Amino acid sequence: MTTATEPTLTMREGIYVRKRDGMRVKAGDWSDGSVSWMLHPLPVIAMGKAVSTCSLKTFERNHTVLGAEATH
């Protein structure tokens, strides 16, 4: 008999910026390879998605590290 283990979430350090609108997000990596993110700070009213889960490839395509433009 096998038992399924629950996936674990490891929060990432730092803040990311959503490219389409400049909103700040916090993100975490799931043990299954997907990424969850939420707006930071979480607004009372948000236009569009405030939290979501996506593939690592999609997250990296749609977000950038806050301050990364200053280091390049």
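Residues numbered from 1 in each chain as written. Predicted model: local features only at pLDDT ≥ 70, side-chain atom pairs only at ≥ 80, totals over all residues. Heavy atoms only, no water.

Trainee: Give a detailed account of the nonpolar core, specifying residues and quantitative values.
Mentor: In terms of nonpolar packing, the biggest core is built from 8 residues, these being Tyr16, Val25, Ala27, Val35, Trp37, Leu39, Cys54 and Phe59. At the level of elements, β3 (24-30) and β4 (34-39) are the ones that each hand at least two residues to this core. Examining the composition of this core, we find that 3 residues originate from one element, β4, more than from any other. Excluding residues that lie within four positions of it along the chain, Leu39 makes contacts with Arg18, Met23, Arg24, Val25, Ala46, Lys49 and Ala50. (Core = buried A, V, L, I, M, F, W, Y, C linked by side-chain atoms within 4.5 Å. Buried < 20%, exposed > 50% of the residue type's maximum accessible area, 1.4 Å probe, protein only. Helix = DSSP H or I, 4+ residues; strand = E, 2+ residues; numbered from the N terminus. Contact = heavy atoms within 4.5 Å.)

Trainee: Before we move on, could you go through the environment of Lys26 and cite the residues and values that matter?
Mentor: Of note, Lys26 is situated in strand β3. With a relative accessible area of 21%, Lys26 lands in the partly exposed category. It is 6.3 Å that separates the C-alpha atoms of Lys26 and Tyr16, two residues lying 10 residues apart in sequence. Side-chain polar atoms of Lys26 contact the backbone oxygen of Gly14, separated by 3.5 Å. (Polar contact = N/O pair within 3.5 Å; in protein donor to acceptor, adjacent residues only side chain to side chain.)

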